Amino acid sequence: MTLPVQDWTQGGTALQVQQCPACLARWYFRRNFCPGCGHASPLTRTAQGDGVVEAVTIVHRAPSEAFRALAPYAIVLVGLSEGVRVMAHGSLDLAIGDRVHFSLRTVAGQPLPYFQKG
């Protein structure tokens, strides 16, 4: 099946989730099989990108030189409206319970998922 927009991990601009037609499990990060029951044909769809912040970490000691120039920066855990959780970068003003929206940003020279209020 050809998707209209590719996932950001495959060079596209979308955030995609998958669901198993057999056991109805949902997950993030593309797989060719269901991690729950092993079904070989999961369904893939583009996420709306809306969610709620479930956790926030402010990073002050970056893991590399590329990220050191950005510190402090926020890493957030977001529960998407599709029922899966996504870890990503986020704006520094985010707090648990904030409604957020996905965008793709270049962070330290690479495209990464980013959430901000919205």
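It should be noted that the structure appears before, not after, this text.
Just so we're clear, the structure is a prediction, and the values are computed from it rather than from any experiment.

Student: I'm lost on the sheet that holds strand E8 (residues 110-117) in this one. Help?
Tutor: Picture the strands of a sheet paired through backbone hydrogen bonds; they go either parallel or antiparallel. Reading around the barrel, the five strands line up as E4-E5-E6-E8-E7 and close back on themselves, with mixed pairing between neighbours. When the angles between neighbouring strand axes are averaged without regard to direction, this sheet yields 45°.

Student: Quick question: what am I supposed to make of unusual backbone geometry here?
Tutor: Keep in mind that most residues, glycine aside, have a negative phi and that most peptide bonds are trans. Cis geometry marks the peptide bond from alanine 71 to proline 72; its omega dihedral reads 0°. At leucine 24, a position not held by glycine, the phi torsion is positive, near 70°. Positioned with a positive phi, phenylalanine 29 is a non-glycine residue whose angle comes to about 80°. Take phenylalanine 29: it is sitting in the loop between strand E2 (26-28) and strand E3 (43-46).

Student: Help me understand the side chain of serine 91 in this model?
Tutor: Secondary-structure assignment places serine 91 in the loop between strand E6 (85-90) and strand E7 (99-107). Judged by its relative accessible area of 12%, serine 91 falls in the buried class. Filtering out sequence-adjacent residues up to four positions away, serine 91 remains in contact with Ala74, Tyr114, Phe115, Gln116 and Lys117.

Basis of the calculations
Residues numbered from 1 in each chain as written. Predicted model: local features only at pLDDT ≥ 70, side-chain atom pairs only at ≥ 80, totals over all residues. Heavy atoms only, no water. Pairing = 2+ DSSP bridges. Helix = DSSP H or I, 4+ residues; strand = E, 2+ residues; numbered from the N terminus. Axes fitted to C-alpha atoms, helices over the stretch in contact; angles between N-to-C directions. Buried < 20%, exposed > 50% of the residue type's maximum accessible area, 1.4 Å probe, protein only. Contact = heavy atoms within 4.5 Å.

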